[in-house]
Amino acid sequence: MSNQEKKVCFCTLALGNKYRALASLLAKDIDKYAPHTSFVILTDNPNEFSNFSQVLAFKHQQHGVKCYHDKRFVIAQALSLFDSCIFLDADMRILAPVSEDIQWLNEPGITARACFNLPIKFAKVIAGTAEAKYCREFKIVKSAIQKLNLDAEWKNIQFVQEYLFAITKDSGKEIQFLRLWEMLANYFERNGLYDGEGNAIGLAAYQAGFPIRWGQMPSLSFFNEKIERFKIQKGQSSMDEMSIYFEEHARIAYPKRSILEKVVSKIGENIKFFYRLLRLKIVTNSLTYE
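Predicted model only: the values in this text are computed from it and were never measured.

*Asks:* I tried to follow the pairing of strand β9 (residues 164-168) on my own but got confused; where do I start?
*Replies:* As a general feature of sheets, a regular strand has side chains that alternate between the two faces. Along β9, five of the five residues are buried, which leaves the element largely enclosed by surrounding structure. Here β9 shows no split at all, with L164, A166 and T168 on one side and F165 and I167 on the other all buried. Pairing between strand β4 (residues 84-88) and β9: five bridges, direction antiparallel. What sits directly across from F87, in β9, is F165. Where strand β6 (residues 109-112) meets β9, four bridges bridge the pair, whose relative direction is antiparallel. Counterpart to A112 in the pairing with β9 is F165.

Put into structure tokens, the structure is as follows:
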């Protein structure tokens, strides 16, 4: 086992057929471009990854009402085995060899490929031009800030774009960070905010004294569908060169299904959603939104 393999891993969450299939593509990329680095996956079917020598697959059943905040379990598992972890959404790809000497992982805390402070995140809300969804998100986040007694400091709190970020241990602060993330995950979901886990990451890190910094992440070349389309619009990428990645992503992420299949799937999702919401309300009965 190399020094790099002992120190750092990639990690992701892969729940359901679609995300397991997407994570398998990512596993192939890691095998090709980072052959000495392990890939920790929390998934509902670890056996699907048994053919990947670098994959450490662990059984996980969705805990949150929606799966977004379950990323904290991935981080906890990865940091129980390694000093640092690089989280990527399961639908991402790695495009080129990754250096075995990643200098930007040496500094403790969170390195985010994209992050910005909360006033920037909620600029349209503050200006009065945001949609109702973002106004409600802002109201819930501000309520959480008040409960953490961070009103005077909220402009310094970062929102982390959660598709790609790395965490390096910091003398136990990472444990407090994860505990606070769990508390905030329950609070947000109980009050109807099921996504936007980047809010919880930023708040938990700030309260725990766990530093967040922006990082260009040199030597980590990646594909993310939304970001790649934006880069193409800006003339920074080419559809011709990236078409294979778009095609592979679309084949798995947007499969052709009959109307009946879509209806049955939607009913099943709704049943699971309301079951998890009821379970959350029972478990976290003491948390209220004011």
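What follows picks up the thread again.
*Asks:* Whenever I open this one, the side chain of S84 confuses me. Can you help?
*Replies:* Along the polypeptide, S84 turns up in strand β4. At 2.8 Å, the side chain of S84 forms a polar contact with the side chain of T168. Apart from the residues lying within four places of it in its own chain, the contact partners of S84 are K7, V8, C9, L79, L105, I167 and T168.

*Asks:* Hey, could you run me through the sheet that holds strand β1 (residues 8-14) in this one?
*Replies:* Note on sheets: strands pair through backbone hydrogen bonds, and any given pair is parallel or antiparallel. Spatially, the seven strands line up as an open sheet ordered β3-β2-β1-β4-β9-β6-β10, and their pairing is mixed. Here the strands that pair on one side only, and so sit at the sheet edges, are β3 (55-59) and β10 (212-214). Going from strand to strand, the sheet's axes swing by 25° on average, the running direction of each strand aside.

Conventions we followed
Residues numbered from 1 in each chain as written. Predicted model: local features only at pLDDT ≥ 70, side-chain atom pairs only at ≥ 80, totals over all residues. Heavy atoms only, no water. Buried < 20%, exposed > 50% of the residue type's maximum accessible area, 1.4 Å probe, protein only. Helix = DSSP H or I, 4+ residues; strand = E, 2+ residues; numbered from the N terminus. Pairing = 2+ DSSP bridges. Polar contact = N/O pair within 3.5 Å; in protein donor to acceptor, adjacent residues only side chain to side chain. Contact = heavy atoms within 4.5 Å. Axes fitted to C-alpha atoms, helices over the stretch in contact; angles between N-to-C directions.

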